Amino acid sequence: MTATTFRNFIDGRFDAPSATFESLDPSTATAWATMPAATEADVDRAVEAADRALRSGAWAAMTATARGKLLVRLGDLVVANADRLAELETRDTGKIIRETRAQIAYVGDYYRYYGGLADKHEGTFVPIDKADMEVTIRPEPIGVVAAIVPWNSQLFLSAVKLGPALAAGCTVVLKASEDGPAPLLAFAELVHEAGFPAGTVNILTGFGHDCGHRMTSHPLVSRVAFTGGPSTARAIVRNTVANLAYTTLELGGKSPVVVFADADLDSAANAVVAGIFAATGQSCVAGSRLLIERSVKDEFLVRLKHKAEAIRIGDPQDPATEMGPLATSRQREWIENVVTQSLATGGRLITGGTRVEGKPDGFYYAPTIIEAPDQNLACVREELFGPVLSVIAFDTEVEALALANDTPFGLASGVFTTNLAKAHRMARGIHAGVVWINTYRAVSPLVPFGGYGLSGLGREGGMDAIRDYTRSKSVWIRTSDDPIPDPFVMR
Ligand code: NAD
């Protein structure tokens, strides 16, 4: 028996689901809620509702200013309901309550930011070289958006899609991850309360192979916005062969944090801890490769080991907890396999490498640090999505940059140095969408975010994100009253 039942939100209604599954609380490994498993037929209803809302009715007729006001109202509702949303996200994903509360507060800012931008995304008048013609370019909504998110930070990862999509006038079918969908299904109630017309935003959950596949290959979908892992991204790109939807991909990372000997080492150690152990390492921007200048390596590792071993691991609902469980047992098994393999092939364990003592239930894994002789170990190459830091020493700036870029990923990076010129050289040289200098894990709705290489395609956040949800229509107007001249010559 589970305590709570959630529903999909399709065409403005909360449907009784035709199929369900149980969701586990990762801190106790027990089922706590019943979730709807959206079928292909559910997806079809949602996409058709989104298509109707796009073409006719209140949403299609709404001005950009009015759309913006709805988004601002939604942002306000998110903040007003932050405690409930945070509690649900913590319960369903194991992410600690300190983090979910803080994150939801700025999720509200993302909706307000895109609400404000809705009527500032202007078209253009083109001064073409034809005296009897005028051309204007109208930015129009690209169409129905299929938005798919993973289980970590679902409210945030949805806001960076819904915000610009709705500001641009699109309609959306959003799929919550089957691992921990509660916060998004609860958020659907706020979409309803904010007053978005039926069909504008549809929120459902289900599995990738049927629900996700149907969403991303549906003939009425024109735009896919995906966040998740690279192998799923490849499946989604294959799905879009059916509808040729314009697709953006926010994927994983193996982000380097480069610490030079001249850095403020205590501050750098705190940032390294934040980068890899916050959110139990289940963050796309996790700073999972520490590149440390050899002359300070031993001293720095002593500090890091001390900080890692002092982390308070416990109940994610307790505000004093600093690290909670992993979200799924599957995730923990994957991490255990890679750590075992890495230690058997040359890795030196500094700390961790085990489950957490005294926590037999729940998917806990200890903060782990492994020193690697080079970058060939599995723990250095693979995105683990867990609290495992690989450490590699370097001697020169050139070597540090080469190591930082020796990865197929390129999402985030950090550089710690007090030398301004060196910081600029590193920022220029690193192949990643984000470079944090003397800080780590900072975000803002005003700043674009996205990857290089296997970390993805496209950018979320910032003003330009709206552009990715519009397409230009060129309108040509002939201003001459004279008859059209020679019909056989292109003008
Ligand atoms: P995942 O790729 O397994 O799943 C993500 C979503 O895709 C889920 O909702 C899933 O149901 C859906 N899906 C699975 N198969 C599908 C298919 N064939 N068609 C359509 N949809 C399908 O990712 P995960 O394990 O849930 O999350 C972890 C990954 O997400 C990591 O790689 C992490 O780095 C990445 N991530 C990236 C960012 C970013 O902004 N770059 C942010 C957070 C997480």
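Since the structure is predicted, the reported quantities are computational estimates derived from the model, not experimental observations. (Residues numbered from 1 in each chain as written. Predicted model: local features only at pLDDT ≥ 70, side-chain atom pairs only at ≥ 80, totals over all residues. Heavy atoms only, no water.)

For the coordinates displayed, the defined rule picks out 12 aromatic pairs. Ring plane angle 85° and centroid distance 5.8 Å describe the contact between Tyr106 and Phe156, whose orientation is recorded as edge-to-face. Linking Tyr106 in helix 5 (residues 97–117) with Phe156 in helix 6 (residues 154–167), this pair joins segments that are 50 residues apart in sequence. By relative accessible area, which is 27% here, Tyr106 ends up partly exposed. Of the residues examined, Phe156 reaches a relative accessible area of 14% and is grouped as buried. (Phe/Tyr/Trp six-rings, centres within 6.5 Å; stacked < 30°, edge-to-face > 60°. Helix = DSSP H or I, 4+ residues; strand = E, 2+ residues; numbered from the N terminus. Buried < 20%, exposed > 50% of the residue type's maximum accessible area, 1.4 Å probe, protein only.)

Bringing the sheet that holds strand 6 (residues 124–126) into the picture now. Within the open sheet, the 3 strands sit side by side as 6-7-21. Their pairing is antiparallel. The open sheet has two edge strands, strand 6 and strand 21 (470–478), and neither has a second partner. Across the sheet, the mean angle from the axis of one strand to that of its neighbour is 25°, orientation sign disregarded. Of the strand pairs in this sheet, strand 6 and strand 7 (residues 133–141) are connected by 3 bridges, and their pairing is antiparallel. Across the sheet, residue Val126 finds its bridge partner in strand 7, namely Val135. (Pairing = 2+ DSSP bridges. Axes fitted to C-alpha atoms, helices over the stretch in contact; angles between N-to-C directions.)

Strand order in the open sheet formed by 3 strands is 1-5-4, with mixed pairing between adjacent strands. The strands lining the two open edges of the sheet, one partner per strand, are strand 1 (4–5) and strand 4 (20–25). Bridge count between strand 1 and strand 5 (residues 30–36): 2 bridges; the pairing is parallel. For Thr5, the partnering residue across the bridge sits in strand 5 and is Thr34.

A few words on the pattern of salt bridges. Where charged atoms from two side chains of opposite charge approach closely, those side chains can pair. Scanning the model with the defined rule gives 34 salt bridges in all. Measuring nitrogen to oxygen at the nearest pair gives 3.1 Å for the salt bridge that ties Arg45 to Asp42. In this pair, Arg45 and Asp42 both sit in helix 1 (residues 40–55), 3 residues apart, roughly one turn of the helix. Given the relative accessible area of 33%, Arg45 is considered partly exposed. Among the residues examined, Asp42 registers a relative accessible area of 10% and is labelled buried. Arg478 serves as the salt-bridge partner of Asp132, at 3.5 Å between the closest nitrogen and oxygen. Residue Asp132 is found in the loop between strand 6 and strand 7, and its partner Arg478 is found in strand 21; the two are separated by 346 residues along the sequence. The network of salt bridges with shared partners includes Asp266, Glu299, Arg303 and Lys307. (Salt bridge = Lys/Arg side-chain N within 4 Å of Asp/Glu carboxyl O.)

Shape is all these values report; function is a separate question.
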